[in-house]
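# Structure at a glance
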Amino acid sequence: MVGEFEIKEEDLAGRIGILSTLHGNIETPTFFPVINPVKSEITVEDIKKVGFNNIITNAYLVKKNLNIKSHIHDYFSFNGIIMTDSGAYQILQYGEISISNKEIVEYELEIKPDIAVILDVPTGDVKNESDAKLSVDETLRRINESLPHVRSSSDQIIWVYPIQGGRFLDLLAYSAKYSFQFDEFKMLALGSPTVLMQRYEYVPLIDMIYTAKSNVTRGKAFHLFGGGLPHIMPFAVALGVDSFDSASYILYARDNRYITRDRVYRLEELEYFPCSCPVCSKYTPKDLQEMEQKDRTRLLAIHNLYVIKEEINAIKQSIKEGRLFEYLQQKAFSHPRVYDAFKSVLKYADYLEKFDPRTKGEIKGVFLYNKDSLARPEIKRHERLLREKIIHKADKSANHKKRVVITCEDGYYDDINSEVEVYLLNPFYGPIPIELKNSFPYSQYETPTIIDDEIIEQERKKLKDFLYDMRDNISSISVIKCEKLHINSTRDVPIELFLDQL
Ligand SMILES: [Zn+2]
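Residues numbered from 1 in each chain as written. Predicted model: local features only at pLDDT ≥ 70, side-chain atom pairs only at ≥ 80, totals over all residues. Heavy atoms only, no water.

For the protein chain, an unreviewed UniProt entry supplies the name tRNA-guanine(15) transglycosylase and the organism Stygiolobus caldivivus. The protein chain has a UniProt comment under Catalytic activity (unreviewed entry) that states "guanosine(15) in tRNA + 7-cyano-7-carbaguanine = 7-cyano-7-carbaguanosine(15) in tRNA + guanine". A UniProt comment under Sequence similarities (unreviewed entry) is attached to the protein chain, and it reads "Belongs to the archaeosine tRNA-ribosyltransferase family." (UniProt positions renumbered as here; feature names shortened; annotations may be inferred.)

See the structure below:
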């Protein structure tokens, strides 16, 4: 059924899904290359050869410059999936445009893209909240106005519900929440962040994505307008973005800029191509520099598309393996601004934990590195488990005290019985009830042999807080083999005394 979105795999709040359209299914996360209907150095055939079966073009530019009356697929001789944007980006660039929402929507019905956007009013990067509110309200008015057309064509076209509000997160949340009233719109999209992305302002961008995503249903595909640079994509996906579109691959190419998965180079900076796509295998940077501008642009654009495709695949593979967090960690060090994006995503660790699948089929082990790893869903979940244990104990038998054994190495405690509670102390997880040691994720993790001091400090504090909250249920504490966490071995020390020493 057109507009159906099926989630196949999940990791953090990201997912691999299948979106059904009239011209076939798209596997998400995916990228829609922007193709200018009027002038482009690159053809749809070029784009297809890179491996994209979905493109986005602009209904406003098509109408204004070509005014074709037939199907958009025929115009491009393309049988894949076509999305049409509406001219909102042109409003963002040039202010008003000379066409109404009603005209655009009616025109889209005529040219029949698979996915269509109404003419929303982008908030852009306005500094004034009342201006931002105007864009949100006017967009909502236009959503309402489009309803009869959306309803009549929803078996053929996936209509996109545009979310506005810009940096004003309350407005953004309001705009996002309103989507629950419009089930006719089968896809959601966050508008306006293009400007932020161009300036590498990733902190507000991540806040915007989180705010929008946490106020809409998870059952619909979620598009991010813009977002054509591979270094930011995995962070957006981790929060639940399913698709991107951008013209950056061609705009950058025109400016002799060469995109890699980590950064953007100027062609003249490169002695070697760090890529083996068909373009980079065949030519050297010098070859491209000596070419005619038009040919060079085309080839650079093709390379840039290959890189975007590679990035999307790497993200999907990470989701499949349950390693998206580790992928973000790796990616974070590609640029200080990307590190900003990573840190901003970590602010939403509880949200990531909420949607992260509890067990991951093919996972081989959780890799824990440094303080950032403490934001992983597995660790967050463990902290919650300990809190629940404390509450449960406090409710139950306040006067029943047990001996507690803390050990950092498995297999060193004796006489385990119902009067003893044993915890394996791990520098990242903190105390792990020994009965859980063979279950995921406690049985499958790797840490460095050199643990950062700040981790050790933090874990001593976690242990102390835990024991303090449990103190009414503990008679004495023994510690075995925890010297590497700077805790001396002791035998049956009264709890109060131990807490003083810790
Ligand atoms: Zn290449």
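Here we come to the overall build of the protein chain. The secondary structure content of the protein chain amounts to 20 helices and 20 strands. Principal-axis analysis of the C-alpha atoms gives the protein chain an extent of 85 × 55 × 40 Å. When the 502 residues of the protein chain are sorted by exposure, 57% land in the buried category. Relative to all contacts within the protein chain whose residues are 6 or more apart in sequence, the contacts with residues 24 or more apart total 68%. Of the roughly 21800 Å² of accessible surface on the protein chain, 49% is carried by carbon and sulfur atoms. Of the side-chain charges in the protein chain, 65 are positive and 75 negative, and the distance between the mean point of each set is 1 Å. (Helix = DSSP H or I, 4+ residues; strand = E, 2+ residues; numbered from the N terminus. Buried < 20%, exposed > 50% of the residue type's maximum accessible area, 1.4 Å probe, protein only. Contact = heavy atoms within 4.5 Å. Areas by Shrake-Rupley, 256 points an atom, 1.4 Å probe, with all protein chains shown as cover. Lys, Arg positive; Asp, Glu negative; His and termini not counted. Charge placed at Lys NZ, Arg CZ, Asp CG, Glu CD.)

Here we take up the state of the cysteines. For the structure on display, the rule yields one disulfide. Shown here is the disulfide that connects C408 with C482, its sulfur atoms set 2.2 Å apart. Residues C408 and C482 share a disulfide whose torsion about the S-S bond is about 105°; that sign makes it right-handed. Highlighted residues: C408 in the loop between strand 15 (402-407) and strand 16 (420-426) and C482 in the loop between strand 19 (474-480) and strand 20 (490-494), separated in sequence by 74 residues. Given a relative accessible area of 11%, C408 falls into the buried group. (Disulfide = S-S within 2.5 Å.)

This brings us to empty space enclosed by the protein. Per the stated rule, a full pass over the model turns up two cavities of 30 Å³ or more. There is about 40 Å³ of room inside the largest cavity. Its residues assigned to classes, the lining of the largest cavity comprises four nonpolar, three polar and two charged. (1 Å grid on protein atoms, 1.4 Å probe; cavity = no way out; pocket = protein on both sides within 12 Å on 5 of 7 lines; lining within 4 Å. Points joined across faces, edges and corners; volume = space filled by probe spheres on them. Nonpolar A, V, L, I, M, F, W, Y, C, P; charged D, E, K, R; others polar.)

Before going further, it helps to spend a moment on the environment of L12. Among the secondary structure elements, L12 is positioned in the loop between strand 1 (5-11) and strand 2 (14-21). Measuring from C-alpha to C-alpha, the distance between L12 and T217 comes to 16 Å, with 205 residues separating the pair along the chain. Not counting the four nearest positions on each side in its chain, L12 is found in contact with A238, L324, F325, L328, L352, F355, D356, P357 and P377.

For the rest of this paragraph, the subject is the nonpolar core. Residues I163, F185, L190, F235 and F244 are the most contacted members of the largest nonpolar core, which totals 97 residues. Here this core takes ten residues from helix 14 (residues 293-321), the largest share from any one element. Those residues within four positions of L190 in sequence are excluded, and the remaining contacts are I163, L172, M208, I209, A212, F222, H223, L224 and F225. (Core = buried A, V, L, I, M, F, W, Y, C linked by side-chain atoms within 4.5 Å.)

This next bit is on the coordination of the zinc ion. Protein coordination at the zinc ion: the donors are C275 (SG), C277 (SG), C280 (SG) and H303 (ND1), at 2.1 to 2.3 Å from the metal. Each of the four donor atoms bound to the zinc ion contributes to angles spanning 97 to 118°, and the resulting shape is tetrahedral. Spacing between the donor residues of the zinc ion along the chain follows C-x1-C-x2-C-x22-H. Across the pair, exposure class does not vary: C275 and C280 are buried alike. (Donors = N, O, S within 2.8 Å, 3.2 Å for Na, K, Ca; no water. Tetrahedral: all angles 85-135°; square planar, octahedral: opposite > 155°, others 65-115°.)

Estimated volume of the largest pocket: approximately 890 Å³. V34, Y89, S246, A247 and L251 are, among the 41 residues lining the largest pocket, the residues nearest its centre. Among the secondary structure elements, those contributing two or more residues to the lining of the largest pocket are strand 5 (54-58), helix 2 (59-65), helix 4 (88-94), helix 8 (194-198), strand 11 (243-246) and helix 11 (248-254). Looking at the lining of the largest pocket residue by residue, the classes come out as 19 nonpolar, 17 polar and five charged. Space inside the second largest pocket adds up to approximately 320 Å³. Along its surface, the second largest pocket is lined by 18 residues, and C408, N426, P427, Y445 and K484 are the ones closest to its centre. In terms of residue count, strand 16 provides more of the lining of the second largest pocket than any other element does, three residues in total. Residue composition of the lining of the second largest pocket, grouped by class: ten nonpolar, four polar and four charged.

With that settled, the discussion passes to helix 5 (residues 101-111). Along helix 5, the residues that are buried comprise N101, I104, V105, Y107, E108 and I111. The buried residues of helix 5 occupy an angular sector of 160° when the element is viewed end-on, so they sit on one face. Check the buried side of helix 5 and you find it contacts helix 2, helix 3 (72-76), strand 6 (81-85), strand 7 (115-117), helix 6 (129-153) and strand 8 (158-163). Downstream of helix 5 by one or two residues, K112 has phi in the positive range, about 50°. (Arc of directions from axis to C-beta.)

Let us now look at the UniProt feature "active site" (unreviewed entry) in the protein chain. According to UniProt, the feature "active site" (unreviewed entry) maps to D85 in the numbering used here. Tracing the chain through its elements places D85 in strand 6. Residue classification places D85 among the buried residues on the basis of a relative accessible area of 11%.

What follows concerns the packing of aromatic side chains. For the coordinates displayed, the defined rule picks out 19 aromatic pairs. Their ring planes at 25° and their centres at 6.3 Å tell us that Y178 and F182 sit as a pair that is stacked. A residue is classified by how much of its surface remains accessible, and Y178, at 26% relative accessible area, is partly exposed. With 3.7 Å between their ring centres and 10° between their planes, Y210 and Y348 make a pair best called stacked. In this pair, Y210 is assigned in helix 9 (residues 202-213) and Y348 in the loop between helix 16 (336-346) and helix 17 (349-355), connecting sequence segments 138 residues apart. By way of ring pairs, the aromatic residues Y161, Y174, Y178, F182 and F185 are connected into one cluster. Above the ring of Y252, the side-chain terminus of R257 is found at 4.1 Å from the ring centroid. One residue, R471, lies across the ring of Y468, its end atom 4.0 Å from the ring centre. (Phe/Tyr/Trp six-rings, centres within 6.5 Å; stacked < 30°, edge-to-face > 60°. Lys NZ or Arg CZ within 6 Å of the ring centre and 35° of its normal.)

With the rule as written, the count across this model stands at 47 salt bridges. Across the pair E145 and R141 runs a salt bridge, and its minimum N-O distance is 3.3 Å. Remark: R141 and E145 occur in helix 6; sequence separation between them is four residues, near one turn of the helix. Classification of R141 by relative accessible area gives partly exposed; the value is 42%. Within the structure, one salt-bridge network assembled from shared partners comprises D125, K127, R167, R199 and E201. (Salt bridge = Lys/Arg side-chain N within 4 Å of Asp/Glu carboxyl O.)

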